[in-house]
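# A look at the structure
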Amino acid sequence: MVKAVLTAKLSPSYDDIPEKQYHFFGRDYLKQIESAVGDSVIYYEPRRTTTDLSSRGGRQSYFAIARIVGIRSDDRNPGFFYADIDEYIDFDTPVPFKVGDSYLESGLQREDGKTSKGAFGRSV
């Protein structure tokens, strides 16, 4: 069962290598990733391709699946962690986060039918 969606940019500001490791910050994300160890996760590419707020060009699509096999601290950056990745597989065709008015992740849709910017802002 998939328990997490990991956001990965084309030009990440973190030390991500999608097929090997996912670099993240914070205890909140740590708890979420701990609950997904041993399970499959899905990768999502956001609209922004870099950390620049005006950056655009990302596919806004789910593009791969993998398995989290462990977690380790980043010894160089306090508060940061790595999720170790195995069984990484790119999708043949990226899957858009939204098809028409239907969201593939129900948590991304507000009650009024619009996109939840808060949910979209999370990395995990």
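Here we summarise the structure given alongside this text. (Residues numbered from 1 in each chain as written. Predicted model: local features only at pLDDT ≥ 70, side-chain atom pairs only at ≥ 80, totals over all residues. Heavy atoms only, no water.)

Okay, the pairing of strand S2 (residues 21-25) next. With four of five residues buried, S2 is to be regarded as a mostly interior element. Inspection of the sheet shows S2 paired to strand S5 (residues 80-96) by five bridges, in the antiparallel sense. Note on S5: the bridge partner recorded for Tyr22 is Ala83. (Buried < 20%, exposed > 50% of the residue type's maximum accessible area, 1.4 Å probe, protein only. Helix = DSSP H or I, 4+ residues; strand = E, 2+ residues; numbered from the N terminus. Pairing = 2+ DSSP bridges.)

Counting across every chain of the model gives seven aromatic pairs. Taking 5.6 Å as the distance between ring centres and 70° as the angle between the ring planes, the aromatic pair formed by Tyr43 and Tyr88 counts as edge-to-face. Here the residue Tyr43 occupies a position in strand S3 (residues 40-45), and Tyr88 occupies one in strand S5, the gap between them amounting to 45 residues. Judged by centre distance (5.3 Å) and plane angle (55°), the rings of Tyr44 and Tyr62 are tilted. Of this pair, Tyr44 sits in strand S3 while Tyr62 is found in strand S4 (residues 61-73), placing the two residues 18 residues apart along the sequence. Just as Tyr44 is buried, Tyr62 falls in that class too. (Phe/Tyr/Trp six-rings, centres within 6.5 Å; stacked < 30°, edge-to-face > 60°.)

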